[in-house]
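These are the residues of each chain, in order.
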Amino acid sequence: MEISDVRIRLVNKDDNKLKAVASMTIDGCFVVHDIKIIESNGETFIAMPSRKTNDGEYKDIAHPLNTETRETLKKAILKAYFDEPNK
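What counts, and where the lines are drawn
- Residues numbered from 1 in each chain as written.
- Predicted model: local features only at pLDDT ≥ 70, side-chain atom pairs only at ≥ 80, totals over all residues.
- Heavy atoms only, no water.
- Core = buried A, V, L, I, M, F, W, Y, C linked by side-chain atoms within 4.5 Å.
- Buried < 20%, exposed > 50% of the residue type's maximum accessible area, 1.4 Å probe, protein only.
- Helix = DSSP H or I, 4+ residues; strand = E, 2+ residues; numbered from the N terminus.
- Contact = heavy atoms within 4.5 Å.
- Pairing = 2+ DSSP bridges.
- Salt bridge = Lys/Arg side-chain N within 4 Å of Asp/Glu carboxyl O.
- Axes fitted to C-alpha atoms, helices over the stretch in contact; angles between N-to-C directions.

Draft legend 1. Structural context of the nonpolar core. If you look at the biggest cluster of nonpolar residues, it comprises 16 residues, and the most contacted ones within it are Ile8, Met24, Ile35, Ile37, Ile46 and Ile77. At the level of elements, strand 1 (3-10), strand 2 (18-26), strand 3 (30-40) and helix 1 (67-83) are the ones that each hand at least two residues to this core. By residue number, the principal contributor to this core is helix 1, which donates 5 residues. Ile37 has contacts with Ile8, Lys17, Leu18, Lys19, Ala20, Ala22, Thr44, Phe45, Ile46, Ile77, Leu78 and Tyr81, leaving out every residue within four places of it along the chain.

Draft legend 2. Expanded view of the pairing of strand 4 (residues 43-47). Residues Thr44 and Ile46 line the buried face of strand 4, whereas the alternating positions Glu43, Phe45 and Ala47 sit on a face that is not buried. By the bridge criterion, 5 bridges tie strand 3 to strand 4 in an arrangement that is antiparallel. Bridging from a neighbouring strand, Ser40 pairs with Glu43 of strand 4. The turn joining strand 3 and strand 4, which pair antiparallel and follow one another in sequence, is formed by 2 residues; a positive phi near 50° is taken by Asn41.

Draft legend 3. Seen up close, the side chain of Thr25. When you line up the elements, Thr25 lands in strand 2. Those residues within four positions of Thr25 in sequence are excluded, and the remaining contacts are Glu2, Ile3, Ser4, Asp5, Phe30 and Val31.

Draft legend 4. Broad picture of the pairing of strand 3. Relative to strand 3, strand 2 runs antiparallel, the two being bridged by 7 bridges. For Ala20, the partnering residue across the bridge sits in strand 3 and is Ile37. In sequence, strand 2 turns back onto strand 3 through a hairpin of 3 residues, with Asp27 there showing a positive phi of about 55°.

Draft legend 5. Structural detail: the pattern of salt bridges. Scanning the model with the defined rule gives 3 salt bridges in all. The closest approach of N and O atoms between Asp5 and Arg7, which form a salt bridge, is 2.6 Å. Residue Asp5 is classed as partly exposed on the basis of its relative accessible area, which comes to 28%. A relative accessible area of 59% places Arg7 in the exposed class. Taking the shortest distance from any N to any O, the salt bridge between Asp83 and Lys79 comes out at 2.6 Å. On the criterion of helical spacing, the pair formed by Asp83 and Lys79 is a turn pair, its members being 4 residues apart in helix 1.

Draft legend 6. Representation of the sheet that holds strand 1. Taking strand neighbours across the sheet as the criterion, the 4 strands line up as 1-2-3-4 in an open arrangement whose pairing is antiparallel. A strand with exactly one partner marks an edge of an open sheet, and here the two such strands are strand 1 and strand 4. For this sheet the average axis-to-axis angle between neighbouring strands, irrespective of direction, equals 25°. Strands in contact with helix 1 are strand 1, strand 2, strand 3 and strand 4; relative to strand 1, the strand with the most contacts, it is inclined by about 50°.

Next up, the structure:
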């Protein structure tokens, strides 16, 4: 798996935990949109796209199946976020 592209859209709200939204292209042929970049308790992390179910819970609609893949995605997305010049 190669992450071909990561695009960041910054969220400009000072008191918001949501700092940006990312789109990621895998192998030049598959895109995942709406990956959230969140800062909370001094930590920055990603949240995969999700939707609200009928019982009010949120379920991921796209996500990695193992820890290694999650770390690869997290590294690439957070690198693009921290490299963003207008942050």
